[in-house]
Amino acid sequence: MGLLGNELAFAHTLTPQEHESVMALGNRKRYPADAHLLSEGDRTSHVVIILQGWVTVSVATDRGATRLILGLRGPGELLGEMAALDPHPRSATVRALGPIEAQVISGDAFRRFLALHPRVSGLVIRQLTFRLRSADQERSALASLTVLQRLASRLTELSGAEPSGPYAPSAASTSGAPAPATAGPVVQLAQDELAATIGATREAVAKALRLLRTQNIVRTGNRMVEILDPALLALLADGHQE
């Protein structure tokens, strides 16, 4: 299961000249924590490139107010490109985890640029393909893994115990707040947010965390899970349950 992705962010794959040209298409904008950069169902077509900070990408589920977090995106990531390329409503909501700085580019300007720059267009297509494959892997994991396995896998990924790429966030950058003084890797997300990243209920995640605490694998606090035994957590993620 990959929430962070393992490819270079879009902006980091551009040449210096391409990067300058893309950024010149739009304007820099700041968003406060919890702001929606993009909203599921909207018919806007602009794209955003994250410059600083981290956001969640989520979709509504059939449980009403419950949302499933599809990914965490950070500096260099391009978001909203699907709505810029076709006339359909936006397929997901992008919410700021902390203060965000982003470049906002109109859909028309972005489409014109891609038409004139085939290499950059190819990078966008590659990103879309990668995210579709990641979504397929997530659906497979939801169907085949227990809540404990999914939680162990997610905590391992987000804590940096098993980083999924050169831009995997630290605990501080994930939450937008400094990490507390602790001995092990830390994930700074609330239980309901963790639940949303693995498609489980908050109650199921709370139960799994209790089990991990009793085995001294993790320690929990306010919006914080400290990983005390990364090796054992990784074993649980792989399905080696006692």
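In the block above lies the structure referred to throughout.
Conventions used here
Residues numbered from 1 in each chain as written. Predicted model: local features only at pLDDT ≥ 70, side-chain atom pairs only at ≥ 80, totals over all residues. Heavy atoms only, no water. Axes fitted to C-alpha atoms, helices over the stretch in contact; angles between N-to-C directions. Helix = DSSP H or I, 4+ residues; strand = E, 2+ residues; numbered from the N terminus. Parallel < 35°, antiparallel > 145°, perpendicular 65-115°, else oblique. Contact = heavy atoms within 4.5 Å. Salt bridge = Lys/Arg side-chain N within 4 Å of Asp/Glu carboxyl O. Buried < 20%, exposed > 50% of the residue type's maximum accessible area, 1.4 Å probe, protein only. Pairing = 2+ DSSP bridges.

A. Examining the packing of helix α5 (residues 147-159) against helix α7 (residues 191-198) more closely. α7 packs onto α5 with a crossing angle of 105° between their chain directions and a minimal axis gap of 10 Å. If you check the angle between α5 and α7, you find them roughly perpendicular. Residues Val 147, Arg 150, Leu 151, Arg 154 and Leu 155 of α5 pack against Leu 194, Thr 197 and Ile 198 of α7.

B. Main features of unusual backbone geometry. Located in the positive-phi region is Asn 216, a residue other than glycine, with phi close to 60°. Along the chain, the position of Asn 216 falls in the loop between α8 (202-214) and β10 (218-221). Backbone geometry places Arg 223, a non-glycine residue, at a positive phi of 55°. Turning to its location among the elements, Arg 223 is positioned in the loop between β10 and β11 (224-227).

C. Main features of the pattern of salt bridges. Counting across every chain of the model gives 11 salt bridges. In this structure, Arg 131 engages Glu 81 in a salt bridge whose closest nitrogen and oxygen atoms are separated by 3.2 Å. With a gap of 50 residues between them, Arg 131 in helix α4 (residues 118-144) and Glu 81 in helix α2 (residues 81-85) connect regions that are remote in the sequence. Residue classification places Glu 81 among the buried positions, given a relative accessible area of 3%.

D. Spotlight on the sheet that holds strand β9 (residues 186-187). Strand order across the open sheet formed by 3 strands is β9-β11-β10, with antiparallel pairing between neighbours. Pairing within the sheet leaves two strands with one partner each, and these edge strands are β9 and β10. For β10 and β11, the ladder comprises 4 bridges, and the chain directions are antiparallel. Residue pairing for β11: Thr 220 is matched across the bridge by Val 225.

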